[in-house]
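Listed below are the residues making up each chain.
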Amino acid sequence: MKMLVNTSALLGKLRMLIHQAFWIFPMIAIFAGILTATFVTRLDVTTSASLGGLLTTGGPVGARNLVETVASTSLTVVTIAFSVTIVALQVAAAQYSPRVPRQFIRDRATQLTLAVFIFTFVYCLAVLRSIREDTVVVPQLAVTLAFIFALISVAAFVYFIHHIVHAIRIEEILRHVEKRTVWALTANYERREEGDPKPDLPEIPDRAVPVRATSSGIIQRINADLLLDYAAENDLVIHYVYMLGDQAVKDTALAWVWAADPDGQLPEDEDDLRAKIAKSMQIGRERSVQADVAFGLTQLVDIALRAVSTAINDPTTACASIRSAEIVLVQLCQHRLGNLLLEDDDGNVRVAVPRRSFEAYLDMVVTPLRRTCPSDMAVMLRLSEMLADVGRAAVESDQEGDAVAHHMELVQRAVDRAVREEEDLGKIQRAARAVEIALSGKPPRLS
């Protein structure tokens with residue numbers, strides 16, 4: 001039986017593993033410490049006494065005591081650093097969102113700092129094996145480097161405390177999610193041009209055949225370009241079922257395939273067809289913002305919803321999260337969204353990929369907040385300001401402008417039902433007028 005190896009998906013998963021893995025730099029530090037100690041202890045180098053005896057070893061006993069002290073201290077600092085990291089993860093998960101801690105795990109500064117401590121500890125252990133009290137020969141360079149690595153570890157520990165204190169601030173968390181989401185947007189969507197069509201997905205005919213998933217997981221990436229030539233050569237139309245971030249279920253359809261000619265036939269080698277479709281998709285265990293813009297917005301909305309919950313009650317954080325979502329939505333207005341249709345040289349649709357529209361992204365941000373806290377005027381007014389700014393960015397698209405106006409109407413209705421104070425109702429009415437002015441393309445009224 002022929003084994004079908006999805007090379008593209010395997011490489012994608014390997015890249016994601018390297019990006020997400022916490023253990024890579026510490027493991028490299030372990031081997032680097034052993035190799036460095038092995039190399040340095042074999043060098044016959046005598047350190048200069050020009051530094052006033054600062055780097056002298058003081059004989060085998062003194063050298064061994066120095067290296068033992070550095071090794072034990074490094075292990076203690078590693079324990080403290082890991083404890084601080086775990087506490088930061090717990091606070092971030094409880095205070096902001098259970099999806100936030102992944103950015104602490106992927107943080108290169110934290111990984112490199114821990115790698116410095118582990119390198120120093122392993123290096124000192126390896127050097128200790130070469131220092132014997134019954135001999136007068138002391139690897140002076142190795143002991144001197146242990147002292148220098150101890151100083152570097154102290155500096156790294158001070159930096160680590162400074163970094164973790166700043167990394168756990170909500171402003172830094174929101175900036176990180178916002179930055180990665182905008183990066184994913186610009187990397188996976190083309191800039192919108194005037195007259196860009198908004199294509200509808202082709203209707204799936206009755207003769208279409210499903211290509212079923214062999215495993216369950218999250219759709220992390222779709223490389224539809226890999227199928228264009230194959231579909232054109234075999235006169236096929238391939239229609240993907242899932243969007244990025246959706247949950248694929250084993251033995252359900254990943255895609256529907258049919259011959260463009262109603263009297264045509266599908267390729268006889270079904271395994272080859274299934275392998276090519278599987279190769280064009282990357283399925284993993286969790287969502288990633290690398291290609292999934294919706295997941296970035298989901299994280300921002302999660303933080304806002306957690307902030308307005310009864311347990312937290314922090315509307316300021318919710319407003320800050322809405323601001324970050326606004327930055328992403330404004331950028332979305334400038335890119336070509338919606339379904340992706342790939343055509344052959346003759347203009348025939350060969351591959352259809354469902355993708356989220358601007359209306360779907362906007363609904364993803366506005367609807368959960370509108371339903372959760374319609375009586376919180378600070379959040380509703382900030383949401384209205386966001387709609388005004390997004391509406392001004394979407395003024396060139398009637399469809400996107402209609403979506404903004406529709407959501408502003410829903411926000412106003414929700415506030416009217418939840419709030420009885422006339423002054424607050426007046427504020428939301430003025431906010432609705434500001435959205436209307438923004439959609440008309442007129443300058444805002446500042447009075």
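Please read these numbers as outputs of a predicted model, since none were measured by experiment.

### Examining the overall build of the protein chain
A count of helical and extended segments in the protein chain gives 15 helices and 8 strands. Within the protein chain, residue pairs in contact and separated by at least 24 positions form 79% of the contacts whose partners lie at least 6 positions apart. When the accessible surface of the protein chain is totalled, it reaches about 23400 Å², and 55% of it is carbon and sulfur.

### Considering the sheet that holds strand 4 (residues 247-248)
Spatially, 3 strands are ordered 4-2-6 in an open sheet, and the strand pairing comes out antiparallel. Strands at the two margins of the open sheet, each flanked by one partner only, are strand 4 and strand 6 (281-284). Judged from the 2 bridges that link them, strand 2 (residues 217-222) and strand 4 form a sheet pairing that is antiparallel. By the bridge assignment, isoleucine 218 is partnered in strand 4 with glutamine 247.

### What to know about the confidence of the model for the protein chain
Scored by pLDDT, the protein chain has a mean of 85; 90% of the residues are at 70 or more. Counted against residues more than four places away or in other chains, residues 1-6, with its pLDDT under 50, gives 6 contacts. Here residues 48-53 is modelled with pLDDT under 50, and outside its nearest four sequence neighbours on either side it reaches 0 contacts, counting other chains as well.

### Digging into the pattern of salt bridges
Throughout the structure, instances matching the rule amount to 14 salt bridges. A salt bridge links glutamate 171 to arginine 169; its shortest N-O distance comes to 3.6 Å. Judged by its relative accessible area of 47%, glutamate 171 falls in the partly exposed class.

### Comments concerning the sheet that holds strand 8 (residues 349-353)
The sheet built from 5 strands is open, its strands ordered 1-5-3-8-7 with mixed pairing. Both edges of this open sheet fall to strand 1 (209-212) and strand 7 (340-343), since each of them pairs with a single strand only. Ignoring strand direction, the axes of neighbouring strands in this sheet form an average angle of 20°. Across 2 bridges, strand 3 (residues 236-240) lies against strand 8 in parallel orientation. Note on strand 8: the bridge partner recorded for histidine 239 is alanine 352.

### Let's talk about the side chain of histidine 239
Relative to the helices and strands, histidine 239 is located in strand 3. Discounting residues that sit within four places of it in the chain, histidine 239 has contacts with Leu201, Pro202, Ile204, Ala255, Trp256, Trp258 and Ala352.

### Details of the environment of valine 308
One can find valine 308 in the loop between helix 10 (293-307) and helix 11 (315-332). For the pair valine 308 and cysteine 373, spaced 65 residues apart in sequence, the C-alpha separation works out to 7.1 Å. Not counting chain neighbours up to four residues away, the residues in contact with valine 308 comprise Ala318, Thr372, Cys373 and Val379.

### A few points about the packing of aromatic side chains
The tally for this structure, following the rule as stated, stands at 4 aromatic pairs. Both rings, one in phenylalanine 119 and one in phenylalanine 149, keep their centres 5.1 Å apart while their planes meet at 80°; by these two values the pair is edge-to-face. One end of the pair, phenylalanine 119, is in helix 5 (residues 108-128); the other, phenylalanine 149, is in helix 6 (residues 140-167), and 30 residues separate them in sequence. The exposure classification of phenylalanine 119 matches that of phenylalanine 149, with both residues buried. Between tyrosine 123 and phenylalanine 149, the aromatic rings sit 5.0 Å apart at their centres with planes inclined by 85°, giving edge-to-face as the arrangement. Highlighted residues: tyrosine 123 in helix 5 and phenylalanine 149 in helix 6, separated in sequence by 26 residues. Taking relative accessible area as the criterion, tyrosine 123 reaches 0% and is therefore assigned buried. Judged by its relative accessible area of 15%, phenylalanine 149 falls in the buried class.

What counts, and at which threshold
- Every chain's residues receive numbers from 1 upward, in the order its sequence appears when written.
- Two thresholds apply to this predicted model, a pLDDT of at least 70 for residue-level local features and 80 or more for giving and counting side-chain atom pairs, whereas whole-chain, interface and lining totals are computed over all residues.
- Values shown for side chains rest on all heavy atoms present in the structure; no hydrogens or waters enter the calculation.
- Only runs of H or I of at least four residues qualify as helices and only runs of E of at least two qualify as strands under DSSP, and these elements are numbered from the N terminus.
- Every residue pair with non-hydrogen atoms within 4.5 Å of one another is taken to be in contact.
- Calculation of accessible area relied on Shrake-Rupley with a 1.4 Å probe; when residues are assessed, cover is drawn exclusively from the protein chains displayed.
- Between any two strands, pairing holds if DSSP finds at least two bridges.
- Values of pLDDT, the confidence the predictor places in each residue, fall between 0 and 100.
- What makes a salt bridge here is a side-chain nitrogen of Lys or Arg within 4 Å of a carboxyl oxygen of Asp or Glu, nothing more.
- Per-residue accessibility, obtained with a 1.4 Å probe over protein chains only, is compared with the maximum for each type, and a residue is labelled buried under 20%, exposed over 50%, and partly exposed between these values.
- To get an axis, fit a line to the C-alpha atoms, keeping to the stretch in contact for a helix; angles then go from 0 to 180 degrees between the N-to-C directions.
- Two aromatic rings, drawn from Phe, Tyr or Trp (for Trp, its six-membered ring), form a pair once their centres lie within 6.5 Å of each other, and the interplanar angle then sorts them: stacked below 30 degrees, edge-to-face above 60, tilted otherwise.

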